[in-house]
Amino acid sequence: MTTTEWITDIALVLVVFRQLREGRLDRKTFLIPLGIVAFVAYSYLDSVPTGGNDLVLIAALAGAGAVLGIAGGVYTRIRPLDGHLMIKAGAVSAILWVLGMGARMGFQVWVEHGGGADDVARFSVAHHITGDQAWVTAFVLMAVTEVVTRVATIYVRSRVRAGAPASAASAASAASAASAASSGSAAPVLDRTA
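Reading the values: the criteria
- Residues numbered from 1 in each chain as written.
- Predicted model: local features only at pLDDT ≥ 70, side-chain atom pairs only at ≥ 80, totals over all residues.
- Heavy atoms only, no water.
- Salt bridge = Lys/Arg side-chain N within 4 Å of Asp/Glu carboxyl O.
- Helix = DSSP H or I, 4+ residues; strand = E, 2+ residues; numbered from the N terminus.
- Buried < 20%, exposed > 50% of the residue type's maximum accessible area, 1.4 Å probe, protein only.
- Expected span 1.5 Å × (residues − 1).
- Arc of directions from axis to C-beta.
- Axes fitted to C-alpha atoms, helices over the stretch in contact; angles between N-to-C directions.
- Parallel < 35°, antiparallel > 145°, perpendicular 65-115°, else oblique.
- Left-handed = near helix turned anticlockwise from the far one by under 90°.
- Contact = heavy atoms within 4.5 Å.
- Pairing = 2+ DSSP bridges.

K.L.:
Help me out: how do you make sense of the pattern of salt bridges in this one?
P.N.:
The final tally for this structure, using the stated rule, is four salt bridges. A salt bridge links Glu22 to Arg77; its shortest N-O distance comes to 3.0 Å. With Glu22 in the loop between helix 1 (3–18) and strand 1 (23–24) and Arg77 in strand 2 (residues 76–81), this residue pair connects regions lying 55 residues apart in the sequence. With relative accessibility at 41%, the residue Arg77 sits in the partly exposed group. Residue Glu22 pairs with Arg79 through a salt bridge whose shortest N-O separation is 2.7 Å. Here Arg79 lies in strand 2 and Glu22 lies in the loop between helix 1 and strand 1, a separation of 57 residues in the sequence.

What follows is the structure in structure tokens.
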């Protein structure tokens, strides 16, 4: 692994460790991890091999990344506080994130320094995977998919959460209006300018 690869892998792991402390959900929450994977994708995705079972390998690892990312996003706590949304990665979210990033790093170290290159070559021949670029593409897209789905899940959950207090207030207003109407008193006028 090159120094750049170590730095980007460690930076992605630190993104979640940063979120182990509760902090304000803001643009940085989304832009930092997306920026890192954009750099990784730009640096390592020269082409997407389509021969043999390359696309099956790529789809399988991208699918694993999506599962890890969505689960990580679901297990990230989002709560309102003083008009802002706060975010905190839970233990499950952190474990899933480190598992995904660590599996990629471990695989690469095993292949490069642990004698795994021959095993991967035999597996590739037996399963009609055409070469190294298929593995690189599969693992890069796994990382990209994990990050994008985690960030997207957190974004969707934050939009739902941000809309929840307004929906609850609207429901309470509607309930009090219905109660007033059923009791025969005049329904309150809702201020549409607020």
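Back to the write-up after that little detour.
K.L.:
Sorry, what's going on with helix 2 (residues 27–44) here?
P.N.:
It helps to recall that an α-helix has 3.6 residues per turn; residues three or four apart then point in one direction. Taking 1.5 Å per residue as the helical rise, helix 2 with its 18 residues ought to reach 26 Å, and the 26 Å between its terminal C-alpha atoms agrees with that figure. Turning to helix 2, its buried residues number three or more, namely Thr29, Phe30, Pro33, Ile36, Val37, Val40 and Ala41. An end-on view of helix 2 places all buried positions within 150° of arc, on one side of the element. When the buried face of helix 2 is taken as reference, the exposed residues oriented beyond 90 degrees from it are Arg27, Leu31 and Tyr42.

K.L.:
It is not clear to me how the packing of helix 1 against helix 2 should be interpreted in this structure. Could you clarify?
P.N.:
The relative placement of two packed helices is expressed as an angle between their axes plus a distance between the axes. Where helix 1 contacts helix 2, the two axes come as close as 11 Å, and the packing angle between them is 160°. As judged from the angle between their axes, helix 1 and helix 2 are roughly antiparallel. Seen from above, helix 1 lies across helix 2 with left-handed handedness. Of helix 2, the residues touching helix 1 (which contributes Thr4, Glu5, Thr8, Ala11, Leu12, Val15 and Arg18) are Lys28, Ile32, Pro33, Ile36, Val37, Phe39, Val40 and Tyr44.

K.L.:
Just checking my understanding: could you explain the sheet that holds strand 1 for this structure?
P.N.:
Note: strands within a sheet are paired through backbone hydrogen bonds, in either parallel or antiparallel orientation. Taken in spatial order, the three strands of this open sheet run 1-3-2, and their pairing is antiparallel. Edge positions in the sheet fall to strand 1 and strand 2, since each has one partner strand and no second. Pairing of strand 2 with strand 3 (residues 84–89), which is carried by six bridges, proceeds in the antiparallel orientation. The partner of Arg77 across the bridge, within strand 3, is Lys88.

Limitation: the analysis is restricted to geometry and does not speak to function.
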